[in-house]
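Summary of the model geometry
Each chain, letter by letter, is given below.
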Amino acid sequence: MALITISRQLGSLGNDIADALKNELSYAYLDKIQLEEMLVSTYGLPEESVEKYDEKKPAFWDIFFSEKDRYLHFMKTAMYEFAQQGNGIILGRGGQVLLKDVPGALHVRVVAPMELRLERVKQRYNCDDRLAEQLIRNSDHDRIGFQKFFFHVNWEDLSQYDLVMNTGTFTVVQVVEFVKSAIEMLDLKRKQE
């Protein structure tokens, strides 16, 4: 069983890498859309709750409400159920934390230099420098807050990841090849144990 978690910065091409891996490996895929569908249809969480907490730090007053606890409980449940199916990719949502002790899991972090992230965000959203910088800053802030609040970890702590790939150095195709090689090495290591 191989499980890949991918954490990525906005503008790092992490989504493109996840899509390419999904297509090349024919793995199951869990991202924001699939997780939201599971949380709403299977577990009955209100759509507003799912959107409110998804990779965002809850507001101060939310700390005192059980709604965030329900969200976390069912998010964990959905991710564990997904992981049990084997051969899958989890994009974001703290997968590297929740599944850190799962044998055969490879935790990948995709990063890029800020100037390259800015250019990619400007192009993707057709916006100027100021708005692109704000989008990146907000995205990083939300992801840092989400992981700190729900999992008590620093999203930027690279020791949580097995492989850190910089798309300022490597192309999407090259990163996909690195990840595939790492999965093969993990499989070989497990067979030898």
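Residues numbered from 1 in each chain as written. Predicted model: local features only at pLDDT ≥ 70, side-chain atom pairs only at ≥ 80, totals over all residues. Heavy atoms only, no water.

Reading across from one edge, β2-β3-β1-β4-β5 is the order of the five strands in this open sheet, with parallel pairing throughout. Only two strands of the sheet have a single neighbouring strand rather than two, namely β2 (28–30) and β5 (163–166). Pairwise comparison of adjacent strand axes, ignoring direction, gives a mean angle of 20° for this sheet. (Pairing = 2+ DSSP bridges. Helix = DSSP H or I, 4+ residues; strand = E, 2+ residues; numbered from the N terminus. Axes fitted to C-alpha atoms, helices over the stretch in contact; angles between N-to-C directions.)

Here we come to the nonpolar core. Membership of the largest hydrophobic core comes to 23 residues, with the highest contact counts inside it found for Leu-3, Leu-39, Tyr-71, Met-75, Ile-90, Phe-150 and Phe-151. Mapped by element, the contributors of at least two residues to this core are α2 (32–42), α4 (67–84), α5 (95–98) and α7 (129–151). Broken down by element, this core gets its largest block of residues, eight residues, from α4. Counting 21 residues, the second-largest nonpolar core is a separate cluster that includes Ile-17, Val-110, Val-172 and Ala-182. (Core = buried A, V, L, I, M, F, W, Y, C linked by side-chain atoms within 4.5 Å. Buried < 20%, exposed > 50% of the residue type's maximum accessible area, 1.4 Å probe, protein only.)

In the structure shown here, the tally under the stated rule is seven salt bridges. One salt bridge in this structure joins Glu-24 and Lys-180, with 2.6 Å as the shortest N-O distance. Separated by 156 residues along the polypeptide, Glu-24 in helix α1 (residues 14–25) and Lys-180 in helix α8 (residues 172–192) bring together distant segments of the chain. Between Asp-129 and Lys-122 there is a salt bridge, with its nearest N and O atoms 2.6 Å apart. (Salt bridge = Lys/Arg side-chain N within 4 Å of Asp/Glu carboxyl O.)

The next subject is the environment of Ala-78. Its location among the elements puts Ala-78 in helix α4. Of the residues examined, Ala-78 reaches a relative accessible area of 0% and is grouped as buried. Taking the C-alpha atoms as reference points, Ala-78 and Leu-30, 48 residues apart in sequence, are found 9.6 Å from one another. With residues near it in sequence (within four places) discarded, Ala-78 still touches Leu-35, Met-38, Leu-39 and Tyr-43. (Contact = heavy atoms within 4.5 Å.)

Here we come to the packing of aromatic side chains. Within the structure shown, the criterion is met by four aromatic pairs. Note on Phe-170 and Phe-178: the rings are 4.9 Å apart at their centroids and 75° apart in plane angle, and the pair reads as edge-to-face. Among the residues examined, Phe-170 registers a relative accessible area of 29% and is labelled partly exposed. In this structure Phe-178 comes out as partly exposed when scored by relative accessible area, which is 38%. When the ring centre of Tyr-29 is taken as origin, the NZ or CZ atom of Lys-22, which lies over that ring, is 4.6 Å away. (Phe/Tyr/Trp six-rings, centres within 6.5 Å; stacked < 30°, edge-to-face > 60°. Lys NZ or Arg CZ within 6 Å of the ring centre and 35° of its normal.)

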